[in-house]
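What follows is each chain in one-letter form.
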Amino acid sequence: MSNIKELLKLLDLPNTTIANQSSLLLQINSHCKSISVPSQQLVAIWAKVKPFTTGQLRPEAYDFIHCCLSHHFNECDLLRLDFFNVISVGTDAIPSKLSILKLLTKEARDIRHLEHTLAALLATWLSIKKSIECQSDLLSFITNFVKFSFVYLDQSSIADLMNGAYTCFLVPELRYSALNFLDGLLRFGVIPKDLIPLFTKQLCIAITEPSVESFAWNTVNNTLHSHISHHVVNAAINLIYQSNDENSHRAIVGAIHLFSSIYTKQSYELYGSLLVLKAFVHASKTKDFNIALSTLSASLKIASNQKEWIEYDLLVDVFDNCSWIWNQSLIQFNVTIENSVMTPLTEEEDKKINLLQIEEKSQIHHKLHKNLSVVIMNNFLKLLSTYSRTKYLTSLVRLANHLSAEMIEFILKESGTIIWADKVLYLLFFEELISNTFYNARFSTEIRIKVLESFIQLKSMELIRSDLDTTMDRIERHILGCIYVQLPTPFATRFLNWLIDSIADFQLSDIEFIIDSLVCSCLNIKPTQNFDMKFFDDPVKNNKVVKNLENPYLSHPESFSKGELNIEQCLLNLMVLLKLSDKFLHQDDLFHLGVRIYQWVGRIFSWNTVGDIAIRSLALSFLSKFSCNCNGQITYSRISSRLEDSTIEWETVTLSSRVTFGSVSPQTEEYHFPIHNSIYSYIATIKFESNHILLMDTLKALPEFLQNKLVWIHSPTHLKIFCEAINDLILTESAGKLLVDVPLTLRKYDIYLLLYKSLVTLFLYKSLLPKSLQDTLPKTLVFGVGKWPPIAKYCIQGLVVALYEMPQSITRHLSAIVMKISQVTSSNLALSNLEFLASLAYVPELCVNFTIDDYKTIFGIAFTYLRQSGPQSAQVTTLAFYVTQIWFLSLKIQERKKYVPMIISTLLSANSDQKQDTLDESTELVLDLLVQHTFIDSAPKPSFQQWTPNLKKKGVKTWCYGNTLISIDATDFGNEIVFRRPTGITVWRGNIMNDIGKMDHTSQQQIFGNNPKKDKSARSRSVSTDSMMVTDLSPAIDQPLNQNITPHNLSRAKSISLESKVSNIGVGNPATSDTVKSELPNHIDPTFLLLLFQPFPLYGQLESSPRILPDDDATIRALSVLDRTPSIDLHKIGVVFVDLNQKTESEILGNLSGSISYSLFLSSLGNFIPLCNNRDIYTGGLDTSPDTIDGPNALCYIPDERMSQVIFHVTTIMPNNPNDLLRTAKKRHIGNDFVTIVWNESGETYNPETIPGQFNLIQIVIEPVSGNDYNDCGFLVTMCFRPDIPIVAPSPIVINGSILAPFVRHISIFCNLLAQVFTSGEASSNAKERLRQIKRVRKRIDTSVAGGLDFTFLG
C-alpha cells in the first residue's frame, strides 16, 4: 500500500512529464490488480486518477476503471455513478466505454443508479459509426437491456433504439444482431403502434436476406401470433405502396413473401385478399425482378381459391404489369387453352427465389406468369369482366414476340367476340396486335396473313374509318411500317403484292408515304418523324445538279438511322417501287407520282454512299430502259416477273401519246415526263462513283441511253452539261479516281473507252451543241489517239464518224490528226489508221488546207503498212495499197507529179533490204499506178463498145516488156497498140502518115536508146526512178530518157487551196462519184505516151529488153485470162430488209419492198442500173440476159471508175419465184456475198445466223432507234463478224440518217476488202493478180533467148 501512496505523491509532483505520469498510472493499475484495496482507498486513488480521464492519459485512466470493476467490483459501489458519468462524456473510445459499461452493469442485468440515463446513452452510441464488432456488441448489450430491463424504456427511447437498430440492420454483418434486438423487443417488450411500420419494414427486409432468413421467419411467426399481427399486416400492405429506394424494394419483396406465407397456411380468412391484391397490382408496376417474381407467386397462392370477378380483374392487372419480363427473353409463351394446367411453386422454391441468378429468375418468372395466365384463361369466359378480357387480350398482344401460333389465333378469335365499348380502345388493341405480330419473325406466313386479313377487314369498316380517321391512319402506318422491317421472303412478297394490288384504295398522303418508305427502305435507311422527304421532291431547277442529287442521308444524318434490311428485302421493295411507277404512269390522276418515283430512282442510282450495289444496278436498269420510239412516244421496260420469281424479267410498254417531253400544256392536257433529268444522275455516278462494277455498268448503259434522239433534241442544255462533263473527265484524266477495291482485271483504259463511246454518240446532236463545244469533240478524240491502243483504235474510229457527222469541226484538226496517226503506226492500229485515211480521201473537200507535207505524211503512213509483217499483214498490205491508190487519184493531175519522187524514193528505200535484186509486189503495183495515172486520168480499160480484144487475129504480135504486155496490130494499116499492165489496159489507135515502103530493120537500141549497165551499188531501181520522172513535164519529150533527176531537184509545191464547200457528202451521188474525180485535161500529156513504152520498173536491166511472145495457144490463153481479170477492185455487197416480227430466212428474203427510210437509204446508197445486156459494169453474178431472173435493175456504186465498182445484191428488188418458196434464187447471191447489209425493223435484235451462208463473213446491221424523219433519225450500226475472223468488230455506233448511206457504203467496201483477204489467205487484189499473170508470162519466156524487135511480120 505504501508503494501506491508513493506513486500517488510522485503523480502530484509539478512538472512531471506525461511519459512519467503514464508510467506511474500503469504501476498503480498493476498494484491494484495484485492487492486488495479497501473502498475508501479506491475513492482516494480515483480522486487522483479521475483528472486524467479527459486528457492524453485517458486510456491509462480507463484501465484503472476497468481494473477496479474487474477486481474490486463490490468496493466500487460508491464509484458506479461516477464511473458511468465519465464514460457518458464524449462520443469517442466507444469500445473501451462499452467494455466498462458491460462490467459496470453485469451485461445489462444490474442497472442500479443508471435506469433513467442508460437508454439515451445507448441510443447515442448506436447512432455513432464504429467497428462492426463494437456495433454487434452494442446491439447484444441493448438486446439484454430490453430483455432484463424493458420496464425502464419509454416510447421515445424505444423509437431511438429501433431507428438505430434499423441503421445497423442495413449493414449485412449486423443484420442478425439487429434482428435479434427486434425479436427481443417483440417477445420481452412492447412495440409502440407508431413504430410497427418500421418494425414491419425491417422484418420484411430480413425475410429476403439468406443470412437471417430462418431467424426472420421465426420472428414472422411470432409476430403473426402476437397482438400486433393485424397491425403488421396493414403495415405490410402500406409498405408495398412504397418504392423510394432499393431497401424499399427489398421490403416490398419481403411483404409479398409475408402474404404468400399467410395464404399458404390457409390464413386468408383472417386477412382479406382484396386489399392485398390491390397492393400486388401496385407492386407489380415496379419493374423489379424480385418484386415481379414474388408478386406472381403470391398472386397464384391467392388465385388458387375461388374468387369473385373483381379479384380476377386484379389478377389480370398483375398479369399485365408483370409482362415486361418477356421482352428480355427469347422463351416462347406457349400457353394455350388446351394445355392450360397450372404448376405453382412449392414453398421452398418460393423462399429461394431471391437466391437465384438472373437466368434462373427469368425462367421462374416465365413459369409463374404462364401459370397465372392459365388461371385467367380457365376463367376467361365465366369470371372475367369485359374490361378484364380486353385487358388480358391486350396484355397477350404485348407478349406477341413469345406467343405461340395458337395463342395468336386465340387472340384473333376472342377479340372478335368481345363487344368493345370504346372503338378507340379496339383500334389501339389492333394497333398493338399489328405492331407485335405483323413484324414478328417467329410467326409463320399464315399467321401474319391472318393478321393482315384482319387489318383488311378492319380497313373496310367505313364507320370506323370515318369516325376515327386519325387512329386508323396510325394503324395503317403501322402496317406500312413493315416496309422498314426485315421479313421472311414469302411473307414479304405476300404483303408487297397486297400493297401493289390495293394501292388505289389508299389516300394520296398514304401513297406518298408508301413511296417515301419504299425509297428509304431500298437504301436501308429510315427517316425520323420530323424529316419531310418532300424536301427532295423538287425537280432540277436552273440546271443545277446539286439540288437533284443531294443525298439526304449525308446532308441530314440526324434525320436518318441505319436500317436492318438485307439485300433481298431491299430489292423486293425497289421492285415494288418500280411496279407502282408503272401503275401510276398509266393513270392520269396519279401520273405525277410515277414521275416522282422515276426521279427518286435516279437519286437512288446516283447515291454511292448508301444503297447496295445490287439496288443501284437495278435502278440503273430501270432508268436506262426509258427511250422514245419513232412515233415520238415514250417507251420503257417494266418488270413483268412476279416478286416471287428468282429472276427479273422485263417487257417493253409504251406510254400514252399525251405524255411528252415538253412543258405541260393545259389546252392539250399533255403530261411532262422528265427523262432528260436523269442525265444528272449519270453525271454524278461517272464523276464520284467508288464501286467499279456500277461505274462500268453505267458507262456501258450511257451510249444506248443517249441514242434516244427524240428525247434529247428537246434538252440541249442537258446535252451541253453532259458533253462538258465527259470532255472534262477525259482531258483531265480524272475518271475512276475514286474507285476502291479495283480488281486487276479492270484496266484504266476500259473506263476511258466507254467514256469515248458516249462522246461519239453525242455526234448525233452536233446541231444542238455550241460551236465551240463541237470543235472540242474532235480535239478530245485526238487526245485519245496517243493513249492506250484500245483507246486509240476507238478514237480513230470516232474520227471516221466525225468525218461524216462533223466535217466542219474536224477540218481544222485534220493536220494534227494526220500527224498524230503517223506517230502511232503500230500493227494494232493499222486497220483503224488505214480506214480513217481511206475515209478522208473520199471527202477531199475537208483537205482544203492540206500542205504538201500533209500529203507526204499520209503517203508515208500508207507506205509504212505496205510492208507490214505479222498478224493481219495481208489485210494491212491490201488496205495500204488501197489507201495509196485513192489518195494519189484524189489529187489533181497537175499536183500528182509533185509527190512522185517522194513516193518512189520512199518505196525503193523500203525495198533496200531485199536480198535479191527485186521489188515486192506492193511496190511494183504502186509504181505501176504512178505510170498509169500520174499524167492522165483514164478509165482502167476501154468500154466494151469501144474495144473488144481479138486475140486470134493474125498479124498481131505481143511483147513482154517489164510488167507490161504490149500488143501491136499493124494489119490493114489499122495501127492499134494495146498496153496490158497490172493496173489497167490502155489501147492506142492511130495511123502512120508516112508512105509505107520497105525499110531496113533498126536495132532495138536505136529505137529505145542505149541501156546503161546496171549499177550494183545504186541498183537498177534508182535508174528507173530517174529515167521515169522529170521536173518539168511539159518539154519532157525533148529531154533524154536517162537524165538523172533526183527527188531533191523537185520544186516544193505550194499549199492547196480549194474554193469548194462541204455539203451533203455522199448523198445522192451517181454511180460514179463526183467527189473523187480529178479534173480531166483537155489534152494528153505526151509523157504518158512515152511511159507506156518504158519497161518500168525493170528499165535499166539488160534482161528487160522487149521479148516477143510466141504465137501459140498458150499466149492466147494467157492474154485472154489477163483481159478477163479486172484491173480494179470489184465488190458485191448483199442488202436485205427485215420487217416487223420477221425471224426466218424465207420471210426476210421474200420481202419485195421496205419502209420509207429503207427506200431512202437505198436511193442514197447508189444508182440503179439496167441489167439487161450490161457488160461494162460489174454485176456480181446477177443475170444480165434479156430474160433476167434477178430483176430488171440492180443497185450499183462506182466511187472511182479507176479503182473499184460496187454492186449491191438487194433482195427487195429481186423478184420472187412462186415456185421457189425457200428463195434460193436470192440466196445464191446473198449466200455468196462476204458482206451483207441488214436493215432490221423486226423490233428485236437481229440474229446473224438467220441467213446462214458459207461466205457470209461480215454483217452490217442497221436499226432505226429514234426519230421519224430519215435525215434526222438516229440509226444504230452494228458490225457482226463471223467468229473465225481474227478481227475484233468495232463497237456499235448511232449515226444520223443524213450520212447513213455514205458511212455504211464506206465500211461495207472496207469490210469486203478484209473479207477478200481473209478468204484468199494473203494480200490480194485484181491488180496484184494481173501482175502475177504478167510475171508468169515473163517467166515462161525467160528460158528462151531474148529476141529483139521482130519487124519481119510487117513485110
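Residues numbered from 1 in each chain as written. Predicted model: local features only at pLDDT ≥ 70, side-chain atom pairs only at ≥ 80, totals over all residues. Heavy atoms only, no water.

Description of the overall build of the chain
Under the convention used in this document: Strands are runs of DSSP state E lasting at least two residues, helices are runs of H or I lasting at least four, and both sets are numbered from the N terminus onward. We call two residues in contact when some of their heavy atoms are within 4.5 Å. In short, Shrake-Rupley with a 1.4 Å probe defines the accessible areas, and a residue's cover is counted only from the protein chains shown.
Scanning the chain from terminus to terminus reveals 56 helices and 20 strands. When contacts within the chain are restricted to residue pairs at least 6 apart in sequence, those whose partners lie at least 24 apart make up 72%. With the model as given, the accessible surface of the chain reaches about 57,700 Å², and the carbon-plus-sulfur share is 52%.

Focus on the pairing of strand E20 (residues 1293–1296)
Put simply, side chains in a regular strand alternate between the two faces of the sheet. For clarity, the threshold we go by: Throughout, exposure labels follow a simple rule: accessible area from a 1.4 Å probe, protein chains only, divided by the maximum for the residue type, with under 20% read as buried, over 50% as exposed, and the rest as partly exposed. When DSSP finds two or more bridges between a pair of strands, those strands are recorded as paired.
Of the two faces of E20, the one holding Ile 1293 and Ile 1295 and the one holding Val 1294 and Asn 1296 are both buried throughout. Examined bridge by bridge, strand E19 (residues 1274–1281) and E20 share four bridges and lie antiparallel to one another. Bridging across to E20, Leu 1276 finds its partner in Val 1294.

A look at the packing of aromatic side chains
Rule in force here: Note on aromatic pairs: the rings of Phe, Tyr and Trp (six-membered ring only in Trp) are paired at centre separations within 6.5 Å, and the planes decide the class, stacked below 30 degrees, edge-to-face beyond 60, tilted for the rest. Cation placement over rings: the criterion is NZ of Lys or CZ of Arg within 6 Å of the ring centroid and within 35° of the ring normal.
In total, this model carries 30 aromatic pairs according to the counting rule given. Here Phe 850 and Trp 887 contribute two aromatic rings whose centre-to-centre distance is 6.3 Å and whose plane-to-plane angle is 5 degrees, an arrangement assigned as stacked. Here Trp 887 lies in helix H44 (residues 873–890) and Phe 850 lies in the loop between helix H42 (830–841) and helix H43 (852–866), a separation of 37 residues in the sequence. Aromatic ring contacts, followed pair by pair, group Phe 591, Tyr 598, Phe 622, Phe 626, Tyr 636 and Phe 673 into a single cluster. The ring of Trp 650 carries Lys 625 above its face, with NZ or CZ at 5.1 Å from the centroid.

Observations concerning the packing of helix H9 (residues 155–169) against helix H11 (residues 196–207)
This is how the line gets drawn: For helices, the fitted line uses only the C-alpha atoms of the stretch in contact; every axis is such a line through C-alpha atoms, and the angle between N-to-C directions lies from 0 to 180 degrees. We call two directions roughly parallel when the angle between them is under 35 degrees, roughly antiparallel when it is over 145, roughly perpendicular when it lies between 65 and 115, and oblique otherwise. Take the far helix as your reference; a near helix turned counterclockwise from it by less than a right angle gives a left-handed crossing, and one turned clockwise gives a right-handed crossing. Three classes are used, and their members are as follows: Ala, Val, Leu, Ile, Met, Phe, Trp, Tyr, Cys and Pro are nonpolar, Asp, Glu, Lys and Arg are charged, and the others, Gly among them, are polar.
Packing of H9 against H11 brings their axes to within 11 Å, and their N-to-C directions diverge by 20 degrees. On the basis of their axis angle, the class for H9 and H11 is roughly parallel. By crossing handedness, the relation of H9 to H11 is classed as left-handed. Across the interface between the two elements, Met 162, Asn 163, Ala 165, Tyr 166 and Phe 169 from H9 touch Leu 198, Phe 199, Lys 201, Gln 202, Ile 205 and Ala 206 from H11. Of the residues contributing to the contact of H9 with H11, the split by class is eight nonpolar, two polar and one charged.

Focus on the sheet that holds E20
Taken in spatial order, the eight strands make up an open sheet running E14-E15-E16-E13-E17-E18-E19-E20, and their pairing is mixed. Every interior strand has two partners, whereas the edge strands, strand E14 (1167–1170) and E20, have only one. On average, adjacent strands in this sheet sit at an angle of 30 degrees to one another, irrespective of strand direction. As paired elements, strand E15 (residues 1193–1200) and strand E16 (residues 1204–1210) share four bridges and run antiparallel to each other. Looking at E16, one finds that Cys 1196 is bridged to Ile 1207. Strand contacts of helix H55 (residues 1300–1320): strand E13 (1129–1138), E15, E16, strand E17 (1235–1240), strand E18 (1258–1266), E19 and E20, with the helix running at about 120 degrees to E13, the strand carrying the most contacts.

Quick notes on the pairing of E17
With six of its six residues buried, E17 lies for the most part within the structure. Neither face of E17 is open: one carries Val 1235, Ile 1237 and Trp 1239, the other Thr 1236, Val 1238 and Asn 1240, and all of them are buried. Where E13 and E17 come together, six bridges link them in parallel fashion. Residue pairing in the sheet places Ile 1133 in a bridge with Val 1235 of E17. Where E17 meets E18, five bridges bridge the pair, whose relative direction is parallel. Across the sheet, Trp 1239 pairs through a bridge with Ile 1262, a residue of E18.

Observations concerning unusual backbone geometry
A positive phi is found at Ala 93, a non-glycine position, where the angle reads about 55 degrees. Mapped onto the elements of the fold, Ala 93 is located in the loop between helix H5 (80–88) and helix H6 (94–104).

A few points about helix H34 (residues 692–706)
To keep things clear, this is the line we draw: Between the first and last residue of a helix there are one fewer steps than residues, each counted as 1.5 Å, and that sum is the expected span. Distance and chemistry together define a polar contact, namely a pair of N or O atoms within 3.5 Å, with one atom able to donate a hydrogen and the other to accept it when in protein, and with adjacent residues in sequence counting only for side-chain atoms on both sides.
If you check H34, its first and last C-alpha atoms are 21 Å apart, about what 15 residues at 1.5 Å a residue would give, namely 21 Å. H34 sits mainly inside the fold: eleven of its 15 residues count as buried. Where H34 is buried, its residues touch helix H31 (591–606), helix H32 (613–624), helix H33 (679–688), helix H35 (709–712), helix H36 (716–731) and helix H37 (748–761). Residue Asn 691 occupies the N-cap position of H34, its side-chain oxygen lying 2.9 Å from the main-chain nitrogen of Ile 693.

Brief notes about the environment of Gln 932
When you line up the elements, Gln 932 lands in helix H47 (residues 921–933). The spatial distance from the C-alpha of Gln 932 to the C-alpha of Pro 982 is 9.6 Å, given a sequence separation of 50 residues. Polar side-chain contacts of Gln 932 include one of 3.1 Å to the side chain of Thr 986.

Some details on the sheet that holds strand E10 (residues 975–981)
The strand order E11-E10-E9-E8-E12 describes an open sheet built from five strands, whose pairing is antiparallel. Strand pairing shows two members of the sheet lacking a second neighbour, strand E11 (984–990) and strand E12 (1107–1108), which therefore form its edges. Relative to E11, E10 is paired through seven bridges, and the arrangement is antiparallel. Looking at the pairing, Arg 980 lines up with Ile 985 of E11. With respect to the sheet, helix H56 (residues 1326–1342) is in contact with strand E8 (956–961), strand E9 (964–969), E10, E11 and E12, its orientation differing from that of E10 by roughly 105 degrees.

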